[in-house]
Amino acid sequence: MADNNLFTGVNSIKFSRRFRDDEDCLIYLSDIKWANGYNCKRCGNNKFSKGKKPQNKRCTKCNYDESPTVGTLFEKLKFPVLTAFHIVFKIATKKKGMSSLELSREFELRQKTCWAFKLKIQRAMASSLKYPLNGTVHVDEFTVGGPEAGKGGRSKGDKKLIVLAVEILEDGVGRAYAEIIEHASAKELGAFLRKYISRDAMVVTDEWRGYLPLKKEFINLKQVPSKGGKNFNDLHIHIMNIKGWLRGIHHHCSKKRMQNYLDEYHFRHNRRSNMGTIFNLLLKRMVNYKKNTSFTVET
Ligand SMILES: [Zn+2]
């Protein structure tokens, strides 16, 4: 896509002017989908003629008429693609995103429909794992949820254990990632660290023994006393922010779905100083989405 066609910024008036109908959106999607040229999905041929609709491409060899949405997360939408663009724009650019209930009210869609589309958006928000955390990185675990009211003291409810890593900069937190885990074991903590943190980062954890064996791989890993969280102040503020967000707009969240919310939260958090391109990036992720996520998601 030529750079001057790219939509940037977070201004909803400009957004509404740029995308007036489904065709505007489909043209935008086709520019993203075929940005590196055309290859027929069926036979691999690279020559096309006009398809049934102006945004489609028809293979000159096998005649397959391909729409810009097929094979992307915009395939088989239950509502106009213009509405889908508005939803993606809101979720990308609003500080706290929007719950499926809020989406359902604003766009006059069934909540279940919004819930399902939001799940697709969240999948595209998972880390690309291309840019591991670097510099000083604090790591700790925390829980959300807990005993459910009315079920008695012995019910564990659906307490969820989460491990979080945040870059500590001179003026606060940098990028961060979190993942839901079953146990704070060396095995699970190690898998998390390997996935999201550079091997030469200055990793700091509390004195939990689960981190001890990881010093072999993370040579700069240092364990310090937590002192009731005082040694991990910025990290604990980040935890409070995540918890507040989850409480504020999501009434209940299953264990399986929790990872999607953690991915959504950190997708925005990690780009909070690059808001200009966040919508376009999310669209690109949704168009080029491949089912290779490392965790399972509820459908
Ligand atoms: Zn073909």
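In short, a report on the structure. (Residues numbered from 1 in each chain as written. Predicted model: local features only at pLDDT ≥ 70, side-chain atom pairs only at ≥ 80, totals over all residues. Heavy atoms only, no water.)

**Concerning the sheet that holds strand β7 (residues 202-205)**
Here is step 1 of the chain: Across the sheet, which stays open at both edges, the 5 strands sit in the order β6-β5-β4-β7-β8 with mixed pairing between neighbours. For this open sheet the edge positions go to β6 (172-181) and β8 (222-223), each flanked by a neighbour on one side alone.
Here is step 2 of the chain: As defined by bridge partners, strand β5 (residues 160-169) adjoins β6 across 8 bridges and the pair is classed as antiparallel. Within β6, the residue paired with I162 across the bridge is I180.
Here is step 3 of the chain: Sheet strands touched by helix α6 (residues 186-196): β4 (136-144), β5, β6 and β7. Its angle to β6, the strand with the most contacts, is close to 135°. (Pairing = 2+ DSSP bridges. Helix = DSSP H or I, 4+ residues; strand = E, 2+ residues; numbered from the N terminus. Contact = heavy atoms within 4.5 Å. Axes fitted to C-alpha atoms, helices over the stretch in contact; angles between N-to-C directions.)

**Quick word on the coordination of the zinc ion**
Here is step 1 of the chain: Binding of the zinc ion to the protein goes through C40 (SG), C43 (SG), C59 (SG) and C62 (SG), at separations of 2.3 Å.
Here is step 2 of the chain: Considered as a linear motif, the donors of the zinc ion on their single chain read C-x2-C-x15-C-x2-C.
Here is step 3 of the chain: Note on C43: relative accessible area 37%, which makes it partly exposed. (Donors = N, O, S within 2.8 Å, 3.2 Å for Na, K, Ca; no water. Buried < 20%, exposed > 50% of the residue type's maximum accessible area, 1.4 Å probe, protein only.)

**Digging into α6**
Here is step 1 of the chain: What α6 keeps buried is the set L189, G190, F192, L193 and Y196. Looking down the long axis of α6, one finds its buried residues gathered within 160° of arc, a one-sided arrangement.
Here is step 2 of the chain: Buried residues along α6 sit in contact with β4, β5, β6 and β7. (Arc of directions from axis to C-beta.)

**Here's the deal with the pattern of salt bridges**
Here is step 1 of the chain: A full pass over the atoms with the stated rule returns 11 salt bridges.
Here is step 2 of the chain: Linking K90 and E106 is a salt bridge whose minimum nitrogen-to-oxygen distance equals 3.1 Å. Here E106 lies in helix α4 (residues 100-107) and K90 lies in helix α3 (residues 81-93), a separation of 16 residues in the sequence.
Here is step 3 of the chain: By sharing partners, the salt bridges in this structure join K118, E264 and R268 into a single network. (Salt bridge = Lys/Arg side-chain N within 4 Å of Asp/Glu carboxyl O.)

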